[in-house]
Amino acid sequence: MPDTLVFKRTLIALSVALTISVLCFSLLQLSGDLALSIGGPEATAEQVEQIRVDYGLDRPVIQQFTSWLWGAVQLDFGRSYYYQSDVMDLVVERLPVTMTLGIMSLAIALGVSIPLGVVAALKRGSWIDRVAMTIAVTGQAMPNFWFGLTLIIVFAVNLQWLPAAGSDSWQGFVLPAIALGYYATPAMMRLTRSGMLEVLEADYIRTARAKGLRTGTVIFKHALRNAVIPVVALAAVELGFMLGGSVVIETVFSLRGLGQLAWNAISRNDYPVVQAIVLIIALFYIVLTLLADILNAVLDPRLRAR
């Protein structure tokens, strides 16, 4: 892949990261008088003024932003107003749960979407293809929190096969991973299907069949290997979506991850925690998108030829 493409993608990623950092900092400025929010309704005017001095809220906005940005670069987001502990310590404590949920969700989405897309392409126009497309449309239209509640009712309450909440064991991640992964399945399934349909019409596939290669070898060794190239790139982007979309799912299933921490911080006006989580998840998404672009360009022979 040309170095200029990497440079352009990196420059765009840095620009987006800077824009998101400005938006994250603006959460404080748009939320009203932060000193009054911290002090509470019973705080006196002197106490509110002292809070402004202690938290640096009496300084110009530009100075506040540069100070916050420099701290964010060093992974120092200050202290939580509610938990009274370092924000980064809270993030590090909750991050493994969110990453586990995201990786399991992605594995489920890939495990369902790729085989379903391949079968739908091979059986184009059949009832199998129509069922696959119905699943895709349903997955895109169904809210994941509603699907999560349905899974709890069926598999946790009625059948009692899996726990309804908690992250003490791997079983606690199964239902939330299914709820979160199902939303990403349709896009990857459709991309796999369209990729397989395109590849199956290629000259080298017809040549492989003319040589008498077995159908399984033609499909899985030659066709699928090229058809899943854009799916792999999309999977990296979907992982970023899953990390961001974990807020609702973690709240529904009571998982102690970044999503639940963000929800609690929003409800308690704990702005440093909200800022840190929004920025970190956004940076995850930016990095994963950049890697997806580079990976797609490296694997796709049409882009390598440029």
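Residues numbered from 1 in each chain as written. Predicted model: local features only at pLDDT ≥ 70, side-chain atom pairs only at ≥ 80, totals over all residues. Heavy atoms only, no water.

Trainee: Can you walk me through the overall build of the protein chain in this structure?
Mentor: Check the secondary structure of the protein chain and you find 14 helices and zero strands. Each of the 306 residues in the protein chain was classed as buried or not, and the buried ones make up 41%. Of all intrachain contacts in the protein chain linking residues separated by at least 6 positions in sequence, the fraction that spans at least 24 positions is 74%. A total accessible area of about 16,500 Å² is found for the protein chain, and carbon and sulfur atoms account for 65% of it. (Helix = DSSP H or I, 4+ residues; strand = E, 2+ residues; numbered from the N terminus. Buried < 20%, exposed > 50% of the residue type's maximum accessible area, 1.4 Å probe, protein only. Contact = heavy atoms within 4.5 Å. Areas by Shrake-Rupley, 256 points an atom, 1.4 Å probe, with all protein chains shown as cover.)

Trainee: It is not clear to me how helix α4 (residues 61-73) should be interpreted in this structure. Could you clarify?
Mentor: Since the α-helix turns once every 3.6 residues, residues separated by three or four places project in the same direction. Counted at 1.5 Å a residue, the expected span for α4 with its 13 residues is 18 Å, and the 18 Å between its end C-alpha atoms agrees. Every buried residue of α4 is accounted for by Q64, F65, W68, G71 and A72. Down the axis of α4, the sector holding all buried residues measures 130 degrees, keeping them to one side. Counted as exposed and oriented over 90 degrees from the buried face of α4: I62, W70 and V73. (Expected span 1.5 Å × (residues − 1). Arc of directions from axis to C-beta.)

Trainee: What's the story with the packing of helix α5 (residues 87-122) against helix α11 (residues 229-252) in this structure? I'm lost.
Mentor: At a closest axis distance of 9 Å, the pairing of α5 and α11 adopts a crossing angle of 130 degrees. As the angle between them shows, α5 and α11 are arranged oblique. When you trace α5 past α11, the crossing you get is right-handed. Between α5 and α11, the residues in contact are T98, M99, L101, G102, I103, S105, L106, A109, L110 and I114 and V231, A235, L239, M242, L243, S246, I249 and E250, respectively. In the contact of α5 with α11, the residues fall into 13 nonpolar, four polar and one charged. (Axes fitted to C-alpha atoms, helices over the stretch in contact; angles between N-to-C directions. Parallel < 35°, antiparallel > 145°, perpendicular 65-115°, else oblique. Left-handed = near helix turned anticlockwise from the far one by under 90°. Nonpolar A, V, L, I, M, F, W, Y, C, P; charged D, E, K, R; others polar.)

Trainee: Can you walk me through empty space enclosed by the protein in this structure?
Mentor: One water molecule sets the probe size; rolling that probe over the atoms shows where empty space is left. Inspection of every chain in the model, using the stated rule, returns one cavity of 30 Å³ or more. Within this model, the largest cavity holds a volume of roughly 30 Å³. Along its surface, the largest cavity is lined by G139, M142, N144, F147, A179, Y182 and Y183. At three residues, helix α8 (residues 171-200) tops the list of elements feeding residues into the lining of the largest cavity. Tallied by class, residues from the lining of the largest cavity come to five nonpolar, two polar and no charged. (1 Å grid on protein atoms, 1.4 Å probe; cavity = no way out; pocket = protein on both sides within 12 Å on 5 of 7 lines; lining within 4 Å. Points joined across faces, edges and corners; volume = space filled by probe spheres on them.)

Trainee: I would appreciate a short explanation of the confidence of the model for the protein chain in the present structure.
Mentor: For residues with low pLDDT, the predicted coordinates do not support detailed interpretation. With 90% of its residues at a pLDDT of at least 70, the protein chain reaches an overall mean of 80. Per-element averaging of pLDDT across the protein chain places helix α14 (residues 301-304) at the bottom with 46 and α5 at the top with 89. Across residues 301-306 the pLDDT falls below 50, and counting only partners more than four positions away or on other chains, this stretch makes seven contacts in the model. (pLDDT = per-residue confidence, 0-100.)

Trainee: For this particular structure, what's the right way to read the packing of aromatic side chains?
Mentor: Aromatic ring pairs are described here by two measures, namely the spacing of the ring centres and the angle between the planes. Evaluation of the coordinates by the stated rule reveals six aromatic pairs. Here F25 and F65 contribute two aromatic rings whose centre-to-centre distance is 5.3 Å and whose plane-to-plane angle is 65 degrees, an arrangement assigned as edge-to-face. Note that F25 is positioned in helix α1 (residues 3-30) and F65 in helix α4, a separation of 40 residues in sequence. Seen from their ring centres, Y82 and Y83 are 5.0 Å apart, and the 90 degrees between their planes marks the pair as edge-to-face. (Phe/Tyr/Trp six-rings, centres within 6.5 Å; stacked < 30°, edge-to-face > 60°.)

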